[in-house]
Amino acid sequence: MLKGFKDFLMRGNVIDLAVALIIGLAFTAIVTAFTDGLIKPLINAIGGSDAAQGLGFKILSDNPATFMDFGSVINAIINFVIIAAVVYFVIVLPVQRIQERRKRGMEPGPAEPTDVELLTEIRDLLRQQQNR
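Bear in mind that the values here come from a model prediction, so they are computed numbers and not experimental data.

A few words on the layout of surface pockets. A volume near 300 Å³ is recorded for the largest pocket. For the largest pocket, the full set of lining residues is D16, V19, A20, I23, G24, F27, T28, I83, V86, V87, V90 and I91. For the lining of the largest pocket, the elements supplying multiple residues, two or more each, are α2 (12–46) and α3 (70–105). No other element matches the seven residues that α2 contributes to the lining of the largest pocket. Residues belonging to the lining of the largest pocket are distributed by class as follows: nine nonpolar, two polar and one charged.

Okay, the packing of aromatic side chains next. Between two aromatic rings, the relevant description is the distance of the centres plus the angle of the planes. Scanning the model with the defined rule gives one aromatic pair in all. When the ring of Y88 is compared with that of F89, the centres are 5.1 Å apart and the planes differ by 80 degrees; the resulting orientation is edge-to-face. A relative accessible area of 54% means that F89 is categorised as exposed.

Reading the values: the criteria
- Residues numbered from 1 in each chain as written.
- Predicted model: local features only at pLDDT ≥ 70, side-chain atom pairs only at ≥ 80, totals over all residues.
- Heavy atoms only, no water.
- 1 Å grid on protein atoms, 1.4 Å probe; cavity = no way out; pocket = protein on both sides within 12 Å on 5 of 7 lines; lining within 4 Å.
- Points joined across faces, edges and corners; volume = space filled by probe spheres on them.
- Helix = DSSP H or I, 4+ residues; strand = E, 2+ residues; numbered from the N terminus.
- Nonpolar A, V, L, I, M, F, W, Y, C, P; charged D, E, K, R; others polar.
- Phe/Tyr/Trp six-rings, centres within 6.5 Å; stacked < 30°, edge-to-face > 60°.
- Buried < 20%, exposed > 50% of the residue type's maximum accessible area, 1.4 Å probe, protein only.

Written as structure tokens, this is what we have:
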């Protein structure tokens, strides 16, 4: 039971997925810092009723909790687009090219024996051992 679990963990795609997740989280932090530190102040400079609050408006002027912050939404969209573009151009596109190269260079290997052929061979070997 533990051997099966160890084999599952040691498969290449599980380890690759873990590494990709960790790198993705770290990259997301970088992009979020970039958009929060550089892009959002530019959006907030466009301003609404109060430039310190950012791009948006208050639904009820006497209640600050009703501020509709469009700057944060625009910031999140920019954040998503940057991350999606990097994932596509750094991961998806190169992997697709590698897969295409492998498909072009692949030749069909020898045919694998069918289950019936293997069982027939086992039966014949067992008969030979019994006749000895």
